[in-house]
Amino acid sequence: VKGSGYIDRIFSAAERNAQLDLAFERVFLEPIENMTATASGGLTARLVPNNPAELSGRVNIVELRYEDVVRLRDVLQALTRRILGSNVERFQRTSSVRHLMPQQDLRLDVAFVADNGLIIDTNIVQAELRADLHLLGSILQPRLDGKIEAIEGMFGLEANKFELLTGQLVFS
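Residues numbered from 1 in each chain as written. Predicted model: local features only at pLDDT ≥ 70, side-chain atom pairs only at ≥ 80, totals over all residues. Heavy atoms only, no water.

## A look at the layout of surface pockets
Here the largest pocket is characterised by a volume of approximately 540 Å³. If you go around the largest pocket, you meet 23 residues; those closest to its centre are Met35, Ala37, Ile61, Leu64 and Phe112. Sorting the residues of the lining of the largest pocket by element identifies β2 (17-29), β3 (35-47), β4 (53-68), β5 (106-122) and β6 (125-138) as the ones contributing at least two each. Here the second largest pocket defines a volume of roughly 160 Å³. What lines the second largest pocket is Ile120, Val125, Ala127, Leu129, Ile148, Glu149, Ala150, Leu164, Gly167, Gln168 and Leu169. Within the residue set of the lining of the second largest pocket, elements represented by two or more residues are β6, β7 (142-157) and β9 (168-171). Of the residues that constitute the lining of the second largest pocket, the class distribution is eight nonpolar, two polar and one charged. (1 Å grid on protein atoms, 1.4 Å probe; cavity = no way out; pocket = protein on both sides within 12 Å on 5 of 7 lines; lining within 4 Å. Points joined across faces, edges and corners; volume = space filled by probe spheres on them. Helix = DSSP H or I, 4+ residues; strand = E, 2+ residues; numbered from the N terminus. Nonpolar A, V, L, I, M, F, W, Y, C, P; charged D, E, K, R; others polar.)

Printed below as a string of structure tokens:
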């Protein structure tokens, strides 16, 4: 990991100007439980007076692996709670997330690319994927553009397995 940057007018919040450039090669990450990833790329964080902060760059995902045992009952219960949950539960979910939201916005312009090597290995799905995604918008209103494509795979439950010949998730 290599970085460089500058800060001008550090003691004046209204006039502060800063930039941090970060380059990384084959960095190992564990972003969530049951997932590991190796990534390379570069990111730039920029602060310009009278504008929201910006984060831009490109992350090349060399390898990503998600392994878990998925219980269909748990998935159905979570979906049911999400769809039919009471107003109290919705309020609690929103209010607990709201206090984590940043006070200032951050503009996003980050590409995530993986030519292959995105592996999902669960009891329901085994697949290798590729992705070309672009995270845009802001932290407060993020937008994801691009697609995730299946290279190969299988899905189903125990005796009813199906081969995944083609598949694509398109975000716009």
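## So, the nonpolar core
Among the nonpolar cores identified, the biggest contains 16 residues, and Val59, Ile61, Leu64, Leu118, Leu129, Ala131 and Ile148 are the most heavily contacted of them. Contributing elements (two or more residues each) for this core: β3, β4, β5, β6 and β7. Ranked by residues supplied to this core, first place goes to β6 with four residues. Leave out the neighbours within four places in its chain, and Leu118 touches Ile61, Leu64, Ala127, Glu128, Leu129, Arg130 and Ala131. (Core = buried A, V, L, I, M, F, W, Y, C linked by side-chain atoms within 4.5 Å. Buried < 20%, exposed > 50% of the residue type's maximum accessible area, 1.4 Å probe, protein only. Contact = heavy atoms within 4.5 Å.)

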